[in-house]
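A structural walkthrough
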Amino acid sequence: YGSQKPEYSAKTDACRTHPTPEPQGHHGVILPDNDYRPDTGQSRSTAPDMPKDAAPDHETAADLVEQGWDALTGDYTSVGDIVDTLGRANFAPLLILPALALVSPLSGVPGFTTLCGLIIAAVSLQQMVHRSSLWLPRWSRAARLRTSRVREVYRWFRIPARWLDRVTRRRLHILVTEPLVILPQLFCLILGAVMPFLELIPFTSSILGVVITALAVGMFVGDGLLVLLGMLLAIGVATGVATLVMS
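Residues numbered from 1 in each chain as written. Predicted model: local features only at pLDDT ≥ 70, side-chain atom pairs only at ≥ 80, totals over all residues. Heavy atoms only, no water.

Bringing the confidence of the model for the protein chain into the picture now. Per-chain confidence: the protein chain averages 77 in pLDDT, with 74% of residues scoring 70 or above. Averaged over each element, pLDDT in the protein chain is lowest for strand β1 (residues 36-37) (44) and highest for helix α8 (residues 182-194) (94). In this model, residues 25-48 is a region of pLDDT below 50 whose contacts with residues beyond four sequence positions or in other chains number 35 contacts. (pLDDT = per-residue confidence, 0-100. Helix = DSSP H or I, 4+ residues; strand = E, 2+ residues; numbered from the N terminus. Contact = heavy atoms within 4.5 Å.)

In this section: the layout of surface pockets. Over the atoms a probe the size of a water molecule is rolled, and this reveals where empty space is left. The calculated volume of the largest pocket comes to roughly 430 Å³. Mapped by element, the contributors of at least two residues to the lining of the largest pocket are β3 (76-78), α3 (79-86), α4 (91-103), α5 (112-128), β4 (144-146) and α7 (147-167). The element contributing the most residues to the lining of the largest pocket is α5, with five residues. (1 Å grid on protein atoms, 1.4 Å probe; cavity = no way out; pocket = protein on both sides within 12 Å on 5 of 7 lines; lining within 4 Å. Points joined across faces, edges and corners; volume = space filled by probe spheres on them.)

Attention now moves to the side chain of Ser 140. Within the secondary structure layout, Ser 140 lies in helix α6 (residues 138-142). Its relative accessible area of 3% is what places Ser 140 among the buried residues. Reaching out from Ser 140, the side chain makes a polar contact with the backbone oxygen of Pro 137 at a distance of 2.8 Å. The residues touching Ser 140, leaving out its near neighbours within four places in the chain, are Val 79 and Leu 115. (Buried < 20%, exposed > 50% of the residue type's maximum accessible area, 1.4 Å probe, protein only. Polar contact = N/O pair within 3.5 Å; in protein donor to acceptor, adjacent residues only side chain to side chain.)

Here Ser 205 shows up in helix α9 (residues 204-221). Filtering out sequence-adjacent residues up to four positions away, Ser 205 remains in contact with Leu 102, Ser 107 and Thr 113.

Further remarks concern unusual backbone geometry. Here the bond from Glu 178 into Pro 179 is cis, since omega is 5°, no more than 30 degrees from zero. Positionally, Pro 179 belongs in the loop between α7 and α8. Here His 130, not a glycine, exhibits a phi torsion of approximately 60°, which is positive. With respect to the helices and strands, His 130 occurs in the loop between α5 and α6. Residues other than glycine seldom take positive phi values, yet Leu 172 does so here, at roughly 45°.

It is the contact of α4 with α9, at a shortest axis distance of 8 Å, that shows an interaxial angle of 155°. Regarding the angle of α4 to α9, the classification is roughly antiparallel. In the packing of α4 onto α9, the handedness of the crossing is left-handed. Facing Ala 92, Pro 93, Leu 95, Ile 96, Ala 99, Leu 100, Leu 102 and Val 103 of α4, the residues of α9 in contact are Ser 205, Ser 206, Gly 209, Val 210, Ile 212, Thr 213, Ala 216, Val 217, Met 219 and Phe 220. (Axes fitted to C-alpha atoms, helices over the stretch in contact; angles between N-to-C directions. Parallel < 35°, antiparallel > 145°, perpendicular 65-115°, else oblique. Left-handed = near helix turned anticlockwise from the far one by under 90°.)

Along the chain, Trp 139 falls in helix α6. Taking the C-alpha atoms as reference points, Trp 139 and Leu 115, 24 residues apart in sequence, are found 10.0 Å from one another. Those residues in contact with Trp 139 that lie beyond four places of it in its chain are Leu 115 and Leu 118.

Note on placement: Thr 168 falls in the loop between α7 and α8. By relative accessible area, which is 12% here, Thr 168 ends up buried. C-alpha separation for the pair Thr 168 and Gly 218, spaced 50 residues apart in sequence, amounts to 7.7 Å. Setting aside anything within four residues of it in sequence, one finds Thr 168 in contact with Val 217, Val 221, Asp 223 and Leu 226. At 2.6 Å, the side chain of Thr 168 and the backbone oxygen of Leu 164 are in polar contact.

Given below as structure tokens:
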């Protein structure tokens, strides 16, 4: 026994003597490696909670329009085809497309405004109650238009989508995170629900489409300022419509 000396690994000793430092937050609290954010020094669990359907950093409104383009196959395209292409768990994108459609020439199709309004109301309500996937009635999923006509409108979608990408950015996060994000969701619900009753009033559907687009895009890209402008516009439109009806 006395003639043998224990062998030690220099590398093991070095690791024991100088352990790898754990990532720490601003107050010296040790954070798990897989939860550490080197850009802010915070854990992801303490960062503001963005909506589950908020856009990733690399996704834009133009990307969303291009994703919807993939559903335009065959002679006819149904609402269900577009919903399935975008994904039933992505609520904000499913608000943006019908809102944009209300500003397009499709708004002149009889019954189209009512269909879009009911879809917007249904999506907003399920977004507010935190459903994991979207449910739509069978009749609304089955609604369809000729694909050639939808493609013409989709080409027009690219113009406002690219403009929105240029003017929007992440700001005023308090309005697009819990709990205040429920406010723009509620505005979208109310505007979508009243839309069928305003179909016969000229231009109201297009105006409401602009407002809902601002709210939905703001939630999608995390732009609280755009959401604030959308809510102010909604209040102004509601006041104007109420004045018109009362007179």
